Structures are given as C-alpha cells and as structure tokens.
Amino acid sequence: MASTGAISSSKDRPIYARVMGIRRHSYWYVIEEKSSPTESSDEVIGCESERDRVRRLSLPDEDLLTSNVAVLNSRLYLISGYYDPRVGYRHISVDSGVKEMKWQEGFGELAYPKNGGAAVGPDGYIYSVGERQYRFRLGEWEQLPVPPQGWSPFLSQEFLHSQRLLALTKKKLYVYTESRTNIMLSFDLESGKWDEGSLDDNFEGYWSPGVVLYDRYLFSLGTRSPKLNSEIIAANKKRDLEGKQKILEEEVGGVYVFDLEKRQWLHEPVQGLPKDGTVIPWNFQPLPKSYTGRRFNPYLYQIREDEDHHLALLWDSPGSHPPSGGCSLTWCKFIVKAHSLSRGFCQLDEDNYMLLNCALGM
C-alpha cells in the first residue's frame, strides 16, 4: 500500500449520498469528518473509518428517484421533471440551523428526467446532465444546445439521450454518451457552444463524474480500462472467422486519467491504491462459459482545493432484492500522488437497496 500522506488542517467537503430503499423510498446520508457538528435528530450510522462518520439525514421523503443531485449554498437540489415537467427542480436546506418540513419547488421546464450527473460551477450555476443539459440557479433557468450529430457516426439522436457528466471546470463542461462505444464531448461555457469534434469516440466502461487537474488531466473512476486490449481484439477477429467463442477481457476498475491536450487515455490507472476490494472494487475475471460483470456506481470528487489535490472516491455494492442485507458504501480519501489518507466502509440496513446518486457539499 502507498505510504500515508500528511493531513492538512483544512476541512474535507462532505459527500451527500442518496440511497434507494426496497419500498421505493429514498434515504439521505452524509459522509463527513467526525469533527463536524451534527444535528440531534440525525442518526449516526455505525461504519468502519478512522476519520469519517456517516449520518442519515432527517429529510422529508421525495419520490423523484430519477433525478440529479447537487448542493449549493447549504441547499440540496433534486433536478428532475419526471412527474411535472413545469417543475425543473426541488430544493431543501441542509443547514443544521434551518429546519424545513418539505421540499420547495423551483421553476424551469424539464421534460427529460434521465439522470446523468450534476455539478456546481465556479460561476455559481448548477449544471445538470442527462437527456438534455441545463444550467440554473435560483431565479434563472437555461437549456443548453444539443450537440451536432455529424461529428461521429455513432452520435445519433438515440445516443444523445444517454449523456453523463465527466467534469466541470471554469471553461468547459465535459460529458460522454453511453452507446455501443462511448463518445466524449466538451461544451465551451464562454461561447455557449459545443467544441467541434469529439475528444474520444471509442472508449469502454461506465465513468464517474471526475475532476480536471493541472488544466489538462481529467481524473475519473471507471468500472474498467477505457481501451480494449489490442491483442485480444486481434485474437477475437481470428476466432470469429473460425467460428470460435470470443475471449472475454478482464475488467480492471480504477482511477484512470485522460490527457485533454493529446486527446488520449493514459495506459495505466493511478497507482498506489489497493485493489483488494477495500478501496478499488474487485476486478472481473471472466470464466470460460459465463459473463457476470461487476456492477457498482462510481463517484470521484475533489474534497479540498489545495496544492496536494485531495480527492475522494466512493462506490457501492448493491443489496439483494428481495432483501437479505442492504447495500454497502465504500470510500477512500487520497491525494493525487496516490497516498491513501483514510478509508471507510458502511454496511447499511436491509431496507437500503442501491446508491442512486451523490453530491459534494460546500
């Protein structure tokens, strides 16, 4: 394991997690440092962590399961037009000194409810990604233009409905489309237009919202290597001609880096983070006659903006349905040099089924 880095005196930003219950309710949790103040009505959940704790928040239930989540100015936002397209979002205070009994409705028409991630930009807007892209703050609402379809043979109207957030910077919004092959696009915030062409139109896996560091490198937690093994590709072409079963490639989850200047992924994931299932999920090793992919929801956040670039990764192991044990949350805080600062593991009760989405607190 990598050596332990020094912990600065500044405070980690909290991570808010929304978990779906077996009975279709949703539960709210916050992962925070143990030194943070707590509300007496909140329940502290037992977890394994030397530095952090998990609280279940006492928030009124909200049945918008298909929605993005963001936190801005001590308010938690649910972004979805699932039940009423005239209401683009709902919000509630998470300030310990303010107690609200119901979610407040915000305006803005949102007819495309699919959740693809949301983030707060340096300009004070919340950017929401999904079947369409929006940005808003209290009193303002704007739908961003749709990417042109001519930049890639795979960039059809069908795949424009499956966009996911990769990163948000002062200048750019980075997204990718889930399709037969993933396509990475960038939106220029100043011009209000999509940059011409794709950054990459052929990568694999399911990717977390990430962070761009050093104005060049995009870090994201992925379920597998973004590129297929060239030797396996060549072998499978030969096996196709011979009528033989294809070779299944091993899937190795990890934090991978995309070079925005060279428009290419670095070959190896970030080194130094344990891959024994306590930090990075177990990788998938294929069996001869079966394919059981390792399913988990990946998240990656920058929890401190300092020269060491403190990051946190979070993923879940879904519970069974019908329940025989709830889902579990696993997280790790580290710096870019892959020095592990702390780890955490929290087994939720059997009524908690699956992590829906997360948001970084202020």
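Residues numbered from 1 in each chain as written. Predicted model: local features only at pLDDT ≥ 70, side-chain atom pairs only at ≥ 80, totals over all residues. Heavy atoms only, no water.

**Description of the sheet that holds strand β19 (residues 211-213)**
Inference 1: The strand order across the open sheet formed by 4 strands is β19-β20-β21-β22, and the pairing between neighbours is antiparallel. In this open sheet, the two edge strands, each paired with only one partner strand, are β19 and β22 (264-265). (Pairing = 2+ DSSP bridges. Helix = DSSP H or I, 4+ residues; strand = E, 2+ residues; numbered from the N terminus.)

**Considering the nonpolar core**
Inference 1: Of all hydrophobic cores here, the largest spans 20 residues; its most connected members are Ile-15, Val-54, Tyr-301, Leu-314, Leu-348, Leu-355 and Cys-358.
Inference 2: Setting aside residues no more than four positions away along its own chain, Ile-15 makes contact with Tyr-29, Val-30, Ile-31, Tyr-301, Ala-312, Leu-314, Cys-358, Ala-359 and Leu-360.
Inference 3: In this structure, Val-257, Leu-300, Trp-315 and Val-336 belong to the second largest nonpolar core, which totals 18 residues. (Core = buried A, V, L, I, M, F, W, Y, C linked by side-chain atoms within 4.5 Å. Buried < 20%, exposed > 50% of the residue type's maximum accessible area, 1.4 Å probe, protein only. Contact = heavy atoms within 4.5 Å.)

**Describing the pairing of strand β20 (residues 217-222)**
Inference 1: Counting buried positions over the 6 residues of β20 gives 5, a clear majority of the element.
Inference 2: Pairing between β19 and β20: 3 bridges, direction antiparallel. Bridged to Val-211 within β20 is Phe-219.
Inference 3: From the end of β19 to the start of β20, which pair antiparallel, there are 3 residues, and Tyr-214 there has a positive phi angle of about 60°.
Inference 4: When β20 meets strand β21 (residues 254-259), the two strands line up antiparallel, connected through 6 bridges. Along β21, the bridge assignment pairs Leu-221 with Val-255.

**Let's talk about the environment of Leu-348**
Inference 1: Along the chain, the position of Leu-348 falls in the loop between β26 (340-347) and β27 (352-360).
Inference 2: Relative accessible area serves as the criterion here: at 3%, Leu-348 is assigned to the buried category.
Inference 3: Remark: the alpha-carbon pair of Leu-348 and Val-19, spanning 329 residues in sequence, is separated by 9.6 Å.
Inference 4: Setting aside residues no more than four positions away along its own chain, Leu-348 makes contact with Val-19, Tyr-29, Ile-45, Gly-326, Cys-327 and Leu-329.

**Quick notes on the pattern of salt bridges**
Inference 1: The tally for this structure, following the rule as stated, stands at 19 salt bridges.
Inference 2: When the shortest N-O distance is used, the salt bridge between Asp-12 and Arg-51 registers 2.8 Å. Within this pair, whereas Asp-12 is found in the segment before β1 (15-21), its partner Arg-51 is found in the loop between β4 (48-49) and β5 (52-56), the two being separated by 39 residues in sequence.
Inference 3: Note on Asp-12: relative accessible area 6%, which makes it buried.
Inference 4: Since its relative accessible area comes to 10%, Arg-51 is described here as buried. (Salt bridge = Lys/Arg side-chain N within 4 Å of Asp/Glu carboxyl O.)

**Overview of the pairing of β5**
Inference 1: Burial of β5 is extensive: 5 of the 5 residues sit out of reach of the surface.
Inference 2: With 5 bridges connecting them, strand β2 (residues 26-33) and β5 associate as antiparallel partners. Within β5, the residue paired with Ile-31 across the bridge is Val-54.

**Notes on the confidence of the model for the protein chain**
Inference 1: When pLDDT is averaged along the protein chain, the result is 80, and 80% of the positions lie at 70 or above.
Inference 2: A low-confidence stretch, residues 1-9 stays under pLDDT 50, and its non-local contacts, those more than four residues away or across chains, total 23 contacts. (pLDDT = per-residue confidence, 0-100.)

**What to know about the packing of aromatic side chains**
Inference 1: Under the defined criterion, the tally for this structure stands at 14 aromatic pairs.
Inference 2: A ring pair is formed by Tyr-89 and Trp-141, whose centres lie 6.0 Å apart and whose planes are at 20°; its orientation type is stacked. Pair noted here: Tyr-89 is in strand β8 (residues 89-93) and Trp-141 is in strand β13 (residues 140-143), with a separation of 52 residues, a long-range link.
Inference 3: By relative accessible area, which is 1% here, Tyr-89 ends up buried.
Inference 4: Considering the side-chain rings of Tyr-176 and Phe-203, the 5.8 Å spacing of their centres and the 55° angle between planes classify their relative orientation as tilted. With a gap of 27 residues between them, Tyr-176 in strand β15 (residues 172-177) and Phe-203 in strand β18 (residues 200-203) connect regions that are remote in the sequence.
Inference 5: Its guanidinium or amino end placed over the ring of Tyr-125, Arg-137 lies 4.1 Å from that ring's centre, counting from NZ or CZ. (Phe/Tyr/Trp six-rings, centres within 6.5 Å; stacked < 30°, edge-to-face > 60°. Lys NZ or Arg CZ within 6 Å of the ring centre and 35° of its normal.)

**Quick word on unusual backbone geometry**
Inference 1: With a phi close to 60°, Tyr-214 is a non-glycine residue in the positive phi region.
Inference 2: Tracing the backbone shows Tyr-214 in the loop between β19 and β20.
Inference 3: If you check the backbone angles, Asp-215 has positive phi at about 55° while not being a glycine.
Inference 4: With respect to the helices, strands and loops of the structure, Asp-215 is situated in the loop between β19 and β20.
Inference 5: You can call Asp-215 exposed: its relative accessible area is 75%.

**Here we look at the sheet that holds strand β12 (residues 134-137)**
Inference 1: Strand order in this open sheet of 4 strands is β10-β11-β12-β13, and the pairing throughout is antiparallel. Edge positions in the sheet fall to β10 (115-120) and β13, since each of these pairs with one other strand and no more. Between one strand axis and the next, the sheet turns through 15° on average, direction left out of account.
Inference 2: Across 3 bridges, the pairing between strand β11 (residues 126-130) and β12 is antiparallel. From the neighbouring strand, Ile-126 faces β12, where its bridge partner is Phe-136. (Axes fitted to C-alpha atoms, helices over the stretch in contact; angles between N-to-C directions.)

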